[in-house]
Amino acid sequence: MPQKRRRTVEIPRDRDGVTVAVGRRTVTLTNLRKPFWPALGLTKGDLLQYYADVAPVLLPHIRDRAMVMKRYPNGADGAFFFMKRAPSPRPDWIELCRIHHPSENVIDFPVIQDLASLLWVVNLGCIDLNQWYATCDDVDRPDYLHFDLDPGPGADFDKIREVALHVRDILGRLNMPTYAKTTGSKGIHVYIPIVRGPLQKEVWTFAKAIAIELESRHPEVITAEYRKVKRPYGRVLVDYNQNAWGRTLASIYSIRPTPVASVSTPVTWEEIERGVRIEDFRIDNVVDRVRKVGDLWKPVLGKKRFDLRAVFSPPKKPKRKARGIS
């Protein structure tokens, strides 16, 4: 008989609310039996249980970053709204990231630092998690850049995979480490860990240049045109604009509000070459996959990072040797 896996937190299935102990903290969870994917028989409690189970590999990727809340109070099929400011009342242990916006607005975003704060945010009805690209100690200098590969009308997931490989190859020529994940929705995200230093605008500028170059090399499958009305049919958008300041993408291991409750999941380049699908990774199998293969994106957190300053800085001129007088 297979051994039942041990869980750090067990979300009850027979009641609507519970207060759970998470370390030294307690978190009150509500509406646990509320249907979030009625066709799949999945509830808000199932959503919370997934995040509790995947937390050990998820938390390192979102810690110390402002979190934009995308709330689905009535489940995946219902309306959603974005919320930036941490709601009140809230536990006094929820950390805040204060960000000054160009509009002179100052917003205190919540920060997910541990399992307790993760459950607190998800309990607000957040299905996917959308964190800031830079950590809170310097919100203007990201530590990764990325490309969001988004299919236009007439482009299927096979084209998405083809374009992902083109992105990998062009960045590989620059010796840039690349990591891919399914978006969980329609496409693939390609991330490049970078040394912190360049401003978000400079990162955006570099990403735009790469996207335009890719379009020029593969015009039959790639567009870098951001305006929908001007995009050619059957192309994949290499979306560089998501690197703009204040934008966010669904995080790694985020569940998406799709009919199959798919998950944004890290994949190997070999898997992309063989032919993965968005629906291969779901709320019901991703935790087991992580137990089997580990966190494929652990290197994204490591020290092997590309220094974009080498791209922005002009090459040094070689010193001219002094000539003797003959």
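It should be emphasised that the depicted structure is a prediction, and the values quoted were computed from it without experimental measurement.

S.K.: Honestly, the overall build of the protein in this entry has me stumped. Any pointers?
M.R.: Tallying secondary structure elements over the protein gives seven helices and 16 strands in all. Rg of the C-alpha trace for the protein: 22 Å, near the compact-globule value of 20 Å for 326 residues, within the 12% margin. Its C-alpha atoms give the protein principal-axis dimensions of about 95 × 45 × 45 Å. Residue pairs in contact within the protein that sit at least 24 positions apart in sequence constitute 67% of those at least 6 positions apart. Put simply, the protein shows about 16800 Å² of open surface, and 51% of that area lies on carbon and sulfur atoms. Side-chain charges of the protein comprise 54 positive and 38 negative groups, with the mean position of each set lying 4 Å from the other.

S.K.: Could you clarify how one ought to interpret the confidence of the model for the protein in this entry?
M.R.: Parts of the prediction with low pLDDT should not have their coordinates interpreted in detail. Across the protein, the average pLDDT comes to 94, with 94% of residues at or above 70. Within the model, the stretch residues 321-326 combines pLDDT values under 50 with zero contacts to residues more than four positions away or in other chains.

S.K.: Would you explain the pairing of strand 8 (residues 106-111) in this entry?
M.R.: Consecutive side chains of a regular strand alternate in pointing toward one face of the sheet and then the other. Where burial is concerned, most of strand 8 is hidden: five out of the six residues are buried. Of the pairings in the sheet, the one linking strand 7 (residues 95-100) to strand 8 comprises six bridges and is antiparallel in character. Residue pairing across strands places leucine 96 opposite proline 110, the latter belonging to strand 8. In sequence, strand 7 turns back onto strand 8 through a hairpin of five residues, with glutamate 104 there showing a positive phi of about 75°.

S.K.: Can you walk me through the pattern of salt bridges in this structure?
M.R.: A side chain with one charge may pair with a side chain of the opposite charge, provided their charged atoms come close. The tally for this structure, following the rule as stated, stands at 21 salt bridges. In this structure, the salt-bridge partner of aspartate 16 is arginine 33, at a minimum N-O distance of 2.9 Å. Taken together, the residues aspartate 16 in the segment before strand 1 (18-22) and arginine 33 in the loop between strand 2 (25-29) and strand 3 (35-37) connect sequence positions 17 residues apart. Here aspartate 16 falls in the partly exposed class, since its relative accessible area comes to 43%. Its salt-bridge partner being aspartate 307, residue arginine 309 comes within 3.0 Å of it at the nearest N-O pair. On the accessibility criterion, aspartate 307 (29% relative accessible area) is partly exposed.

S.K.: Which parts of the structure should I look at to understand the side chain of threonine 183?
M.R.: Residue position: threonine 183 is located in the loop between strand 11 (179-182) and strand 12 (188-193). Residue class for threonine 183 comes out buried when judged on its relative accessible area of 5%. For threonine 183, the side chain forms a polar contact with the main-chain nitrogen of lysine 186, separated by 3.2 Å. Residues within four places of threonine 183 in sequence aside, it is in contact with Asp148, Ile188, His189, Arg256, Ser264 and Ile278.

The rules behind the values
- Residues numbered from 1 in each chain as written.
- Predicted model: local features only at pLDDT ≥ 70, side-chain atom pairs only at ≥ 80, totals over all residues.
- Heavy atoms only, no water.
- Helix = DSSP H or I, 4+ residues; strand = E, 2+ residues; numbered from the N terminus.
- Rg over C-alpha atoms; globule rule 2.2 N^0.38 Å.
- Contact = heavy atoms within 4.5 Å.
- Areas by Shrake-Rupley, 256 points an atom, 1.4 Å probe, with all protein chains shown as cover.
- Lys, Arg positive; Asp, Glu negative; His and termini not counted.
- Charge placed at Lys NZ, Arg CZ, Asp CG, Glu CD.
- pLDDT = per-residue confidence, 0-100.
- Buried < 20%, exposed > 50% of the residue type's maximum accessible area, 1.4 Å probe, protein only.
- Pairing = 2+ DSSP bridges.
- Salt bridge = Lys/Arg side-chain N within 4 Å of Asp/Glu carboxyl O.
- Polar contact = N/O pair within 3.5 Å; in protein donor to acceptor, adjacent residues only side chain to side chain.

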